[in-house]
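Per-entry structural report
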Amino acid sequence: MANEVCLRTLDLERPWLLEQYQSRGGYEMLKKILTEKTPPEAIIEEVKMSGLRGRGGAGFPTGLKWSFISRNAPGQKYVVCNSDEGEPGTFKDRDILRYNPHQLIEGMIIAGYAIGATRGYNYIRGEFWEPYERFEQALEEARNAGFLGNDLLGSGFDFELYTHLGAGAYICGEETALLESIEGKKGQPRYKPPFPAHFGLYGRPTIINNTESLASIPMIIEKGGAWFADIGVKNSGGSKLFSISGNINNPGVFEIPMGTPFSELLEMAGGVKDGRRIKAVIPGGSSSPVIPGDQMMELNMDYDAIAAAGSMLGSGAVIVLDDTNCMVKILERMSYFYYEESCGQCTPCREGTGWLYRVVQRIEAGQGRQEDLDLLDDVAGKISGKTICALGDAAAMPVQGMLRHFRDEFQYHIDHQRCMVGVG
Amino acid sequence: MTITTAKDKTELFAPAIRAEIDRWVAKYPPEWKQSAVMGALMIVQDDNGGWLTTQLMDDVAAYLDMPSIAVYEVATFYSMYELKPVGKHKICVCTNVSCMTNKSDIIVEHLEKKLGISFGQITEDGRFSLKEVECLGACGGAPMMQIGKQYYENLTPEIVDAILEGLE
């Protein structure tokens, strides 16, 4: 039951080539839709039925997002793909771009047809040069084969697709910051509402979805929404790409059904390095609160199970930490990240991320004060929910998670001016 | 503020650079030339040995009919634009959690010792500069670094040596 959707061509030689993708039925769904003139509503219905939820991390139902667009409103509409993969621990979209770019292209064209958009942009992070070149090559092939351009396969439907290359900014993974960035501006998130479905790229109705979400579409159409939903579990349809990294023997990207036990995923990834004990897992990218290893071993990888444990499935980026890690040091590094990446627009985030970093840093450096633990809770609480976008929450949640589960390590640092890990 | 007239635009950049920028401009609606600013800045930066001068930013502004300040905003916001000279080979080392827990500190130490510079510095001969970067989305290959456009993964000090020796 692995590699059935986005990575289904991974076993082929040079799977990124058009002929290889077509050897597995690639672009057949697009052809079918265009020839049969499938009603767009039927496509959106199928996506709704699939239970596909936004794979970038927010988990918003994709079909529902598409249905917010007024298809018959006049004027230009856009399909935007978010390939600004940057949540620490996440490296799955890079593999889709490198190994199965045509499935993403087909998914984007189908999305365009469903919402009545004739133009799309794929926003790829600037550091991803190799994936960018692969995607560009695939665009060229698709264009030459008549899958992009005007009057696709004589259907009267036009669709053109371009790549926009980022230049290094985590915040551009936030959908409205990404739109600002395509418009040639600083990537600072917009107030919502209005949502992109009404006021998106260049002020036009826009859907914006993650790479994995859009690349899942052709298989959902081919095999049906019910088929996709059945791969997973309730509220978590389909399979999902999990990026697993950290202290493990065989890190990598695994496409497995939602609801797979974490213990199985860990086994696929070769288990913990050097036979050490699993101490903690960050289950869904660095913004998701940490979960102690023992507890994690009992959990399944789906939205509800991870949420019930007080964390988030997020982007499916699983970071495994063994018992040699000092959690204060881990949090210090994570807090630095959010401080560095805050766009500076909202005061609670701009100032608060600096506070969090500085306080964790002084605890790590053995200069922590007893009141610092309450101070961290206090600052984190004053950022949460008080900013335009979710970066503030993303900075606060790891702090709250660490203090909830590993408070004793922080206390030890304050009491002894050193780390309890490696002491024994 | 100097207003550059349309006639001057052909004199702003060499024809090859203009053609590259125009390729980006063509991707966006005609009234949204500004969308090409990120691509344009990267093109002129690469052409200038990896960093942007104020003059280059002003030229990009003129070429895309943007106020200079709007170009400065972009150039200072995104981490891949450099406003000071960098080495011929800009070595970007990830130190975020997955790399950190796979001993990126050893890679950083090794590079610093080998090159005799710290993050944010350039070697005297101008060949190398070091930069600490945030997660580059290659955590499965941690620890990792990027030099120019290329990713290098699963690093050890020995592998780093071999990579640096292989560079021009």
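Here the structure is shown first, and the text comes after it.
The structure contained in this document is the topic of the report that follows. Keep in mind the model is a prediction, meaning the values are calculated, not measured.

**Side note on the pairing of strand S2 (residues 128-133) of chain B**
All names here are of chain B. Within S2, 5 of the 6 residues are buried, which leaves the element mostly enclosed by the surrounding structure. As paired elements, strand S1 (residues 89-94) and S2 share 6 bridges and run parallel to each other. Bridge pairing in S2 links Val93 to Glu132.

**Concerning the packing of aromatic side chains**
Any pair of aromatic rings gets described here by the distance separating the centres and the angle formed by the planes. As enumerated under the stated definition, the model contains 22 aromatic pairs over all chains in all. Aromatic side chains A:Phe60 and A:Phe68 sit 6.1 Å apart centroid to centroid with 45° between the ring planes, which places their arrangement in the tilted category. Here A:Phe60 falls in the partly exposed class, since its relative accessible area comes to 37%. When the ring of A:Tyr78 is compared with that of A:Tyr202, the centres are 5.7 Å apart and the planes differ by 70°; the resulting orientation is edge-to-face. Residue A:Tyr78 is located in strand S1 (residues 78-83), and its partner A:Tyr202 is located in the loop between helix H8 (175-182) and strand S4 (206-210); the two are separated by 124 residues in the primary sequence. Each member of the pair, A:Tyr78 as well as A:Tyr202, carries the same accessibility label: buried. Taken together, the ring pairs in this structure connect A:Tyr78, A:Tyr121, A:Tyr162, A:Tyr202, B:Tyr28 and B:Trp32 into an aromatic cluster. A cation over an aromatic ring shows up here: B:Lys27 above the ring of B:Trp24, its NZ or CZ 3.7 Å from the ring centre. The ring centre of A:Trp129 lies 4.0 Å from the NZ or CZ of B:Lys149, which sits over that ring.

**Details of the sheet that holds S2(B)**
Residue and element names in this part refer to chain B. The strand order S2-S1-S3-S4 describes an open sheet built from 4 strands, whose pairing is mixed. Of all strands in the sheet, those bounded by a partner on one side alone are S2 and strand S4 (150-152). Going across the sheet, the axis of each strand differs from the next one's by a mean of 25°, ignoring polarity. Alignment of S1 against strand S3 (residues 145-147), held across 3 bridges, turns out to be antiparallel. Bridge pairing in S3 links Val93 to Met145. Its contacts with the sheet put helix H6 (residues 104-115) on S1, S2 and S3, and the angle it makes with S1 is roughly 155°. The strands touched by helix H7 (residues 157-165) are S1, S2, S3 and S4; relative to S3, the strand with the most contacts, the crossing angle is about 5°.

**With respect to the side chain of A:Ser236**
All names here are of chain A. Within the secondary structure, Ser236 is located in the loop between helix H10 (225-231) and strand S5 (239-246). A relative accessible area of 0% means that Ser236 is categorised as buried. Sequence-distant contacts of Ser236, that is, excluding residues within four places in its chain, are made with Met258, Asp302, Tyr303 and Asp304.

**Digging into the sheet that holds strand S2 (residues 119-124) of chain A**
Residue and element names in this part refer to chain A. If you trace the 4 strands from one edge of the open sheet to the other, you get S3-S2-S1-S4, paired in parallel fashion. Either end of the sheet is taken by a strand with one partner, and the two such strands are strand S3 (160-165) and S4. With strand direction ignored, the average angle separating the axes of adjacent strands in the sheet is 20°. One ladder, built from 5 bridges, connects S1 with S4; its direction is parallel.

**Some words on the interface of chain A and chain B**
With 54 residues of chain A at the interface, the matching set in chain B holds 40 residues. The three residues of chain A that bury the most area against chain B are A:Ala167, A:Lys186 and A:Arg333, which together make up 18% of that side's buried surface. Inspection of the chain A/chain B interface yields 3 salt bridges. Here B:Glu134 makes a salt bridge to A:Arg333, at a shortest N to O gap of 3.0 Å. Counting every contact that joins chain A to chain B gives 23 residue pairs in polar contact (both at pLDDT 80 or more). Every element with two or more residues in the side of chain A that touches chain B is listed here: S2, helix H7 (129-144), S3, H8, S5, strand S11 (317-322) and helix H14 (327-341) of chain A. The element contributing the most residues to the side of chain A that touches chain B is H14(A), with 8 residues. Tallied by class, residues from the side of chain A that touches chain B come to 24 nonpolar, 16 polar and 14 charged.

**Thoughts on empty space enclosed by the protein**
A probe matching the size of a water molecule, rolled over the atoms, marks out where space remains unfilled. Evaluated as defined, the whole model comprises 2 cavities of 30 Å³ or more. If you add up the space inside the largest cavity, you get close to 70 Å³. A:Ile171, A:Pro189, A:Ser342, A:Cys343, A:Gly344, A:Gln345, A:Cys346, A:Cys349, A:Thr387, A:Ile388, A:Cys389 and A:Leu391 together form the lining of the largest cavity. Class assignment of the residues belonging to the lining of the largest cavity gives a composition of 8 nonpolar, 4 polar and no charged. By volume, the second largest cavity amounts to about 30 Å³. Along the walls of the second largest cavity sit A:Pro88, A:Gly89, B:Cys94, B:Asn96, B:Val97, B:Ser98, B:Cys99, B:Cys135 and B:Cys139, which together make up its complete lining. With 3 residues, helix H5 (residues 97-100) of chain B is the single largest residue contributor to the lining of the second largest cavity. Counted by class, the lining of the second largest cavity contains 6 nonpolar, 3 polar and no charged residues.

**Things to note about H6(B)**
Residues and elements named next belong to chain B. With 12 residues, H6 extends 16 Å from end C-alpha to end C-alpha; this agrees with the ideal 16 Å at 1.5 Å per step. All buried positions along H6 are accounted for by Ser104, Ile107, Val108, Leu111 and Leu115. Axial view of H6: buried residues confined to an arc of 100°, hence all on one face. The exposed set on the far side of H6, more than 90 degrees from its buried face, consists of Glu109 and Lys113. Close packing links the buried residues of H6 with S1, H5, S2, S3 and H7. Just downstream of H6, Gly116 is the residue with a positive phi angle, here 70°.

**Brief notes about a nonpolar patch on the surface**
Residues and elements named next belong to chain A. Where nonpolar side chains cluster on the molecular surface, the patch consists of Phe60, Leu64 and Phe68 and spans about 250 Å² of accessible area. Examined against the element boundaries, Leu64 turns out to sit in helix H4 (residues 62-67). Of the residues examined, Leu64 reaches a relative accessible area of 33% and is grouped as partly exposed.

How each quantity is defined
- Residues numbered from 1 in each chain as written.
- Chains lettered and ligands numbered in written order.
- Predicted model: local features only at pLDDT ≥ 70, side-chain atom pairs only at ≥ 80, totals over all residues.
- Heavy atoms only, no water.
- Buried < 20%, exposed > 50% of the residue type's maximum accessible area, 1.4 Å probe, protein only.
- Helix = DSSP H or I, 4+ residues; strand = E, 2+ residues; numbered from the N terminus.
- Pairing = 2+ DSSP bridges.
- Phe/Tyr/Trp six-rings, centres within 6.5 Å; stacked < 30°, edge-to-face > 60°.
- Lys NZ or Arg CZ within 6 Å of the ring centre and 35° of its normal.
- Axes fitted to C-alpha atoms, helices over the stretch in contact; angles between N-to-C directions.
- Contact = heavy atoms within 4.5 Å.
- Buried area = accessible area lost by both parts, 1.4 Å probe.
- Salt bridge = Lys/Arg side-chain N within 4 Å of Asp/Glu carboxyl O.
- Polar contact = N/O pair within 3.5 Å; in protein donor to acceptor, adjacent residues only side chain to side chain.
- Nonpolar A, V, L, I, M, F, W, Y, C, P; charged D, E, K, R; others polar.
- 1 Å grid on protein atoms, 1.4 Å probe; cavity = no way out; pocket = protein on both sides within 12 Å on 5 of 7 lines; lining within 4 Å.
- Points joined across faces, edges and corners; volume = space filled by probe spheres on them.
- Expected span 1.5 Å × (residues − 1).
- Arc of directions from axis to C-beta.
- Patch = residues over 30% accessible without salt bridge, like charges linked within 9 Å, V, L, I, M, F, W, Y side chains within 5 Å.
- Areas by Shrake-Rupley, 256 points an atom, 1.4 Å probe, with all protein chains shown as cover.

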